[in-house]
Amino acid sequence: MKTYYKRLCIYPKDIQCITGKSYRQSVRLLQKIRKELKKLENEFVSIEEFCQYTSFKYEQVEPFLIG
């Protein structure tokens, strides 16, 4: 029986699938979110923080998460 784990952080590839933007634009959006939240370059952005920033609901985003 496989155990599936949910991730806490979001990656540019996920944002690309959700928004339909290019990979580079997704990286820029992630950088913009980090800057807005006053996070360091090496800190992760959580899926919850992404949803709050973009006004998406988690239920809308969850099917697009890769892996």
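Computed from a predicted structure; not experimentally measured. (Residues numbered from 1 in each chain as written. Predicted model: local features only at pLDDT ≥ 70, side-chain atom pairs only at ≥ 80, totals over all residues. Heavy atoms only, no water.)

Novice: Run through the overall build of the protein, naming residues and quoting values.
Specialist: Looking only at helices and strands, one finds four helices and zero strands in the protein. The linear arrangement of helices and strands in the protein, starting from the amino end, is α-α-α-α. Here the C-alpha radius of gyration of the protein, 12 Å, is about what a compact globule of 67 residues would show, namely 11 Å. When the backbone C-alpha atoms are referred to their principal axes, the protein occupies close to 40 × 25 × 20 Å. Sorting the 67 residues of the protein into buried and exposed places 25% on the buried side. Considering only contacts in the protein between residues 6 or more positions apart, those separated by 24 or more positions represent 43%. Surface exposure of the protein reaches about 5400 Å², of which carbon and sulfur atoms provide 54%. (Helix = DSSP H or I, 4+ residues; strand = E, 2+ residues; numbered from the N terminus. Rg over C-alpha atoms; globule rule 2.2 N^0.38 Å. Buried < 20%, exposed > 50% of the residue type's maximum accessible area, 1.4 Å probe, protein only. Contact = heavy atoms within 4.5 Å. Areas by Shrake-Rupley, 256 points an atom, 1.4 Å probe, with all protein chains shown as cover.)

Novice: Which residues make up the nonpolar core, and what are the values?
Specialist: Across soluble globular proteins, you tend to see nonpolar side chains buried next to one another. One finds Ile10, Ile15, Ile18, Leu29, Leu30, Ile33, Val45, Ile47, Phe50, Cys51 and Val61 forming the largest nonpolar core, which totals 11 residues. Residue contacts for Ile15: discarding those within four places in its chain leaves Ile10, Gly20, Ser26, Leu29, Leu30 and Phe50. (Core = buried A, V, L, I, M, F, W, Y, C linked by side-chain atoms within 4.5 Å.)

Novice: Tell me about helix H2 (residues 23-36), and name the residues and values.
Specialist: In this model, H2 (14 residues) spans 20 Å end to end at C-alpha, consistent with the 20 Å of a helix rising 1.5 Å per residue. Within the span of H2, buried status applies to Ser26, Val27, Leu29, Leu30, Ile33 and Arg34. Down the axis of H2, the buried set is contained in an arc of 160°. They therefore lie on one face. Facing away from the buried surface of H2 by more than 90 degrees, the exposed residues are Lys32, Lys35 and Glu36. As for H2, its buried residues are in contact with helix H1 (12-19) and helix H3 (47-54). A positive phi of about 55° marks Lys38, the residue just after H2. (Expected span 1.5 Å × (residues − 1). Arc of directions from axis to C-beta.)

Functional significance is not addressed by these values, which are geometric in nature.
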